[in-house]
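Summary of structural features
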2 protein chains.
Amino acid sequence: MDSVKRNHRATIRDVARLAGVSAQTVSRVLNNHPDVSEQTRLRVQRAIAELRYRPNALARSLIKQASGVIGVVASGFHFYGPAQLLTGIERQATELGWQLMLQVATAPEDYDRIATALIAQQVEGVIWAYPELSSERERWFHQQLRPHAPIIFLSMEAGPDEVVLSVDNRLGARLAVEHLINRGRRRIGLISGPLSLWSAQQRRLGWEDALAAAGLPHTERQVVQGDWSAESGCRGLHTLLQQYPEMDAVFVSNDQMALGVLHAAHRLGLGVPKDLSVVGFDDMPESACFVPALTTVHHDLFALGQLAVREIDRVIRARRAGQPVTITSLMLQPYLVVRESS
Amino acid sequence: MDSVKRNHRATIRDVARLAGVSAQTVSRVLNNHPDVSEQTRLRVQRAIAELRYRPNALARSLIKQASGVIGVVASGFHFYGPAQLLTGIERQATELGWQLMLQVATAPEDYDRIATALIAQQVEGVIWAYPELSSERERWFHQQLRPHAPIIFLSMEAGPDEVVLSVDNRLGARLAVEHLINRGRRRIGLISGPLSLWSAQQRRLGWEDALAAAGLPHTERQVVQGDWSAESGCRGLHTLLQQYPEMDAVFVSNDQMALGVLHAAHRLGLGVPKDLSVVGFDDMPESACFVPALTTVHHDLFALGQLAVREIDRVIRARRAGQPVTITSLMLQPYLVVRESS
DNA sequence: AAAAGTCCCGTGAACGTTAACAGCTTAGCA
DNA sequence: TGCTAAGCTGTTAACGTTCACGGGACTTTT
C-alpha cells in the first residue's frame, strides 16, 4: 500500500503529494517566492512539518550551479596565529551563510589532494591560509585551482594576479627590534620560525631592517631557526647563547617560542629583562601572563580571517552576477605591546 | 560550431564525446571498473587530461546516496583540548578519505542552525565535540539529527542510546589532587572550568573524590570558576586567596588557567611550589616551559579524535552494507606528569 | 554446430531540486 | 463585451553522475 520506502528521507515530491500541490509550489514555499497564496503556503508548511522534510542542499547545488561552500586550507590548529585566523574565517562565514569545507595542509605534497577535493566538492571560492613560500606555487595554482574557483591567499608573498591579504610581518618585526634598540640593546639575536614560511622570512627581514637602520651588524651567528613551538624556543636560546654569547636581547618570532626562551633564561639564571630582553610576536592572550609578562607585537588575525571571507564573498557574488570585480592585496598594520620582558 | 559553452566545466559527457565512447564508459574508467579495454581506457584518460575534466562530487553523491562527508561540531580553536581533538579528527578523516564539514558552536542556541546545515549537506555521520551538559540535549538530538545520521559524542555525559567517547576527566583530577595530598598538602583549592561543561564538572568531582577519600573537607570557599583562559586563572587565584587564605595548593582545571595562576603567584611573591603547589590539566607542550614547569594531567585528545573518526567510519560502512553495528562508549585513561610546580 | 560464457560497451532511468515556460482563473478597465 | 493584467499553479527539462539492464562480438565447451 504505502509506496514510501521505510527509512527513506522525505523529498520535495513527498511533501507535494501530501499537500496536494506540485513540487514546484513546494519549492516556491521553501525559497520564499511571492507567488504562492497564503492558504497553499500553510498547507505546504504543514506537510513539511508532518513529514519532517529537510531540503537536500546537494541537489539544490547541482541545479543552481552554486554550492554555497567555500574551501579553507589551513596549516593546523596548534599555533595561535592559524587558530585565530580560522576563528575569524568561521565567524564571518556563518554570518554570511557560507558552509566551510576544511582542508589541512602539512606540506606542499598535500596540494594535489586538497585541490582535487575542493574542486570535486564544487567550492565557490578558496581561502588559502597555508603560508608557504615557493616559486612553483603560482604556476601550480593557475593550472589547477584558479580555473574552478577564485582564491584569496593569506600571509604570503604577493605574486602577479594573486590577491594576498596579510599582516605586515616585516613592519611588526622592525617595531619590535627598534624598541630593543631604543632600550639601549645593541647585540640582538633572532629566533626565527621555519624560513620556508613567508611570515617567518618577513619577520627576519624586519629584524635585519632595524639593525641595518641603526648601523648594527646582522650575521648568521645571531640567528637560530625554530619551529614555532615553545620547546624549540627553549633549545633555540641555548644554541644562540653558544653562537653569540654577548647577546643582550632577542627577538623571538612568535610568543610560544618566546615562552620557551623565558623558561630557558630562568633555568640559566638569566634575568629578564635585566640580562636579556625578550620580545615576541603574536600577542596571544597568554602572553600577558608569562613570567615575566611578554613584550610582543600585536596583530589582528581574527580580523584578517573575517576580511578574507568578506572579500571572497564579494568576488563570488560578482561572478554570479556576471560583473567584473577587482579586489586588491592588502596588509594590516601590527603594533607593539610593551610589557615586562624588555 | 563549437557547442561547448565557454567557461563551462567539462562534464563526463564532454569527455565521452571526445573519446568517442559513452558516458558510462568514462564513468567506469573514473571508478576503476575492470570491464574496460586497455585501449579505451587510454583514450578516455587522454580525453580527461585534455579537457582538464574534474568529476563533480555533488552529482556523484546525489545518485550514490552517500556524500562522503562527515560533520564536525567543535567549540572553537582557542584552547588546547579542542584544538588537539580537531587535529586528530582531521588527520584520521583524510586518511580514511572523508571530507569534513566544520561547524563551530558557541552556545546551545546554535544547535538548530548547525543541525539544519549538516542535514542539508547530507553528512553521513556527525562527531559532536561541543561538550555541553544539558538535560534537553538527548530529546533534541533524537528528534533532529539522529534520524538522518549517526552521531558520536565526545566528552560529555553518556545518556541511554548515545555513544560517548571521552577521557576520564574525573580520574585525572583525582590523580592530580591525590598527588598534592601525597606531597603533604592539606588545604587544596580548585579553579574550575565553566561548570556548564561536562569536563569541567567531572574535574571538579575528581577533586572532591580525592579530598573526601583523604578525609579532607571540600567547601564552596575553596572553589572558583574560570573560563579556561589564562587571564581567568590569574583572577581566580586572587579571588581564591581572599576566600581561602590558608590554601597551600591549588588544582587548576586546565593548563592555560594554570599559567595565569603561576603568573599571579609570581606577582604576589608566592613561591611555587614552596608556598603554593600548582597542578594543571591537559599537558600542553608549552606547560613544560612554564616558569616553573607545570605538573599536570596528560590526556591524549589527538587519539580520541582519531578514534571518533574510526568509529563513525565503522558505523557508516555497516549502515551502507545494511548490517547492524554496536559501538560502545569508552573512556581513555589520563595520567599525571610531575614537574616543578608541585 | 549449437550452447554457454566472457569481455566490452551502450541505453535509459534515476538521484532531488529548480528554471523556464505555459495555462488557468479572476479582476480591472475601456 | 472584449482585452489586458495580475495572481497563482502545474509541466517539462535540466544539473552531472551512476545503476540496472541489455546486447554484440568473440571464445570456449559440449
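Relevant structure appears above.
What comes next is a walk through the structure. Keep in mind it's a predicted model, so treat the numbers as computed, not measured.

1. Details of the overall build of chain A
In terms of helices and strands, chain A carries 12 helices and 12 strands. Relative to the globule expectation of 20 Å for 342 residues, the C-alpha radius of gyration of chain A, 26 Å, shows a markedly less compact shape. With the C-alpha coordinates aligned to their principal axes, the bounding extent of chain A is approximately 90 × 40 × 35 Å. Looking at chain A residue by residue over its 342 residues, the buried ones come to 57%. Counting only contacts in chain A whose residues sit at least 6 apart along the sequence, the fraction spanning at least 24 positions is 72%. Carbon and sulfur atoms make up 50% of the accessible area of chain A, which amounts to about 14,800 Å² in all.

2. A few points about the sheet that holds strand β12 (residues 335–337) of chain A
Residue and element names in this part refer to chain A. Strand order across the open sheet formed by six strands is β7-β6-β8-β9-β10-β12, with mixed pairing between neighbours. The open sheet has two edge strands with one neighbour each: β7 (223–225) and β12. Each adjacent strand pair in this sheet contributes to an overall mean axis angle of 20°, direction not counted. Two elements, strand β10 (residues 295–298) and β12, share three bridges in a ladder whose sense is antiparallel. Counterpart to Val297 in the pairing with β12 is Leu336. Sheet contacts for helix α9 (residues 198–213): β6 (188–192), β7, β8 (249–252) and β9 (277–282); angle to β6, the most-contacted strand, approximately 170°. Each of β6, β8, β9 and β10 is contacted by helix α11 (residues 255–268), which is oriented at about 155° to β9, the strand it contacts most.

3. Quick look at the interface of chain A and chain B
Each partner contributes to the interface: chain A provides 56 residues, whereas chain B provides 56 residues. Surface buried jointly by chain A and chain B totals about 5,200 Å² across both partners, of which 58% is contributed by carbon and sulfur atoms. When the area that chain A buries against chain B is broken down by residue, the three leading residues are Arg9, Arg54 and Leu58 of chain A, summing to 14%. Inspection of the region where chain A meets chain B yields two salt bridges.

4. Points about the protein's contact with DNA strand C
Around DNA strand C, 28 residues are found, and the nearest of them are Ile12, Ser27 and Tyr53 of chain A together with Thr25 and Thr40 of chain B. When the atoms of DNA strand C within 4 Å of the protein are sorted by group, sugar and phosphate make up 57%. One nitrogen or oxygen atom from the main chain of Ile12 of chain A is found 2.5 Å from a phosphate oxygen belonging to DNA strand C. Within the side chain of Gln24 of chain A, one N or O atom sits 2.7 Å away from a base nitrogen of DNA strand C. The set of elements that each furnish at least two residues to the surface near DNA strand C consists of α1 (12–19), α2 (23–30) and α4 (57–64) of chain A together with α2 (23–30) and α4 (57–64) of chain B.

5. Here's the deal with α4 of chain B
Residues of α4 of chain B that are buried: Ala57, Leu58 and Ser61 of chain B. Projected onto a plane normal to the axis of α4 of chain B, the buried residues spread over an arc of 100° and lie on a single side. Those residues of α4 of chain B that are buried are in contact with α4 and α6 (111–120) of chain A. Two or three places before Leu58 of chain B, at the opening of α4 of chain B, Asn56 of chain B has a side-chain oxygen 2.8 Å from that residue's backbone nitrogen. One or two steps after α4 of chain B, the chain reaches Gln65 of chain B, where phi turns positive at roughly 55°.

6. Thoughts on helix α9 (residues 198–213) of chain B
For α9 of chain B, built from 16 residues, the straight-helix expectation of 22 Å at 1.5 Å per residue is met to within 8% by its first-to-last C-alpha distance of 22 Å. What α9 of chain B keeps buried is the set Trp198, Ser199, Ala200, Gln202, Arg203, Arg204, Gly206, Trp207, Glu208, Ala210 and Leu211 of chain B.

7. A few points about the protein's contact with DNA strand D
Residues in close proximity to DNA strand D total 28 residues, the closest being Thr40 of chain A together with Ile12, Gln24, Ser27 and Tyr53 of chain B. A share of 59% is what sugar and phosphate atoms reach among the atoms of DNA strand D within 4 Å of the protein. Here a base oxygen of DNA strand D and a backbone polar atom of Ile63 of chain A are 3.4 Å apart. Counting only elements with at least two residues in the surface near DNA strand D, the list comes to α2 and α4 of chain A together with α1 (12–19), α2 and α4 of chain B. Considering every element that reaches the surface near DNA strand D, the biggest residue donor is α4 of chain B, with four residues. Residue classes in the surface near DNA strand D are distributed as nine nonpolar, 13 polar and six charged.

8. As for the packing of aromatic side chains
Applying the stated criterion across every chain yields a total of seven aromatic pairs over all chains. Each ring, one from Tyr111 of chain B and one from Trp128 of chain B, has its centre 5.1 Å from the other, and the planes form 85°; the classification is edge-to-face. On the criterion of sequence distance, the pair formed by Tyr111 of chain B in helix α6 (residues 111–120) and Trp128 of chain B in strand β3 (residues 125–128) is long-range, its members being 17 residues apart. Neither Tyr111 of chain B nor Trp128 of chain B differs from the other in exposure class; each is buried. A connected cluster of aromatic rings, assembled from ring pairs, spans Tyr111, Trp128 and Tyr130 of chain A. Between the NZ or CZ atom of Arg203 of chain A and the centre of the ring of Phe281 of chain A, over which it lies, the distance is 3.9 Å.

9. Let's talk about the pattern of salt bridges
Residue and element names in this part refer to chain A. For the structure shown, the criterion picks out 32 salt bridges over all chains. As a salt-bridge pair, Arg320 and Glu124 come within 2.9 Å of each other at their nearest N and O atoms. One end of the pair, Arg320, is in helix α12 (residues 301–320); the other, Glu124, is in the loop between α6 and β3 (125–128), and 196 residues separate them in sequence. Looking at Arg320, the relative accessible area reads 47%, which means it is partly exposed. You can call Glu124 buried: its relative accessible area is 12%. Close ionic contact of Asp275 with Lys274 constitutes a salt bridge, the shortest N to O distance being 3.3 Å. With relative accessibility at 30%, the residue Asp275 sits in the partly exposed group. Given the relative accessible area of 65%, Lys274 is considered exposed. Several salt bridges share partner residues, and in doing so they unite Arg204, Glu208 and Glu220 into one network.

10. Observations regarding the packing of α1 of chain B against helix α3 (residues 38–51) of chain B
The description of two packed helices rests on the angle between their axes and on the distance between the axes. Residue and element names in this part refer to chain B. Here α1 crosses α3 at 125°, and the two axes come no closer than 9 Å. Taken as axis vectors, α1 and α3 run oblique relative to one another. For α1 against α3, the interelement crossing comes out right-handed. On α3, the residues that touch Asp14, Val15, Leu18 and Ala19 of α1 are Arg43, Val44, Ala47, Ile48, Glu50 and Leu51. Broken down by class, the residue content of the contact of α1 with α3 amounts to seven nonpolar, no polar and three charged.

11. Quick look at the side chain of Gln103 of chain B
Looking at the element boundaries, Gln103 of chain B is found in strand β2 (residues 99–104). Accessibility expressed as a relative area gives 2% for Gln103 of chain B, which makes it buried. Setting aside anything within four residues of it in sequence, one finds Gln103 of chain B in contact with Gln99 of chain A together with Val72, Val73, Ala74, Arg113, Ile114, Ala117 and Leu118 of chain B.

Definitions and cut-offs
- Residues numbered from 1 in each chain as written.
- Chains lettered and ligands numbered in written order.
- Predicted model: local features only at pLDDT ≥ 70, side-chain atom pairs only at ≥ 80, totals over all residues.
- Heavy atoms only, no water.
- Helix = DSSP H or I, 4+ residues; strand = E, 2+ residues; numbered from the N terminus.
- Rg over C-alpha atoms; globule rule 2.2 N^0.38 Å.
- Buried < 20%, exposed > 50% of the residue type's maximum accessible area, 1.4 Å probe, protein only.
- Contact = heavy atoms within 4.5 Å.
- Areas by Shrake-Rupley, 256 points an atom, 1.4 Å probe, with all protein chains shown as cover.
- Pairing = 2+ DSSP bridges.
- Axes fitted to C-alpha atoms, helices over the stretch in contact; angles between N-to-C directions.
- Buried area = accessible area lost by both parts, 1.4 Å probe.
- Salt bridge = Lys/Arg side-chain N within 4 Å of Asp/Glu carboxyl O.
- Near = heavy atom within 4 Å.
- Polar contact = N/O pair within 3.5 Å; in protein donor to acceptor, adjacent residues only side chain to side chain.
- Arc of directions from axis to C-beta.
- Expected span 1.5 Å × (residues − 1).
- Nonpolar A, V, L, I, M, F, W, Y, C, P; charged D, E, K, R; others polar.
- Phe/Tyr/Trp six-rings, centres within 6.5 Å; stacked < 30°, edge-to-face > 60°.
- Lys NZ or Arg CZ within 6 Å of the ring centre and 35° of its normal.
- Parallel < 35°, antiparallel > 145°, perpendicular 65-115°, else oblique.
- Left-handed = near helix turned anticlockwise from the far one by under 90°.

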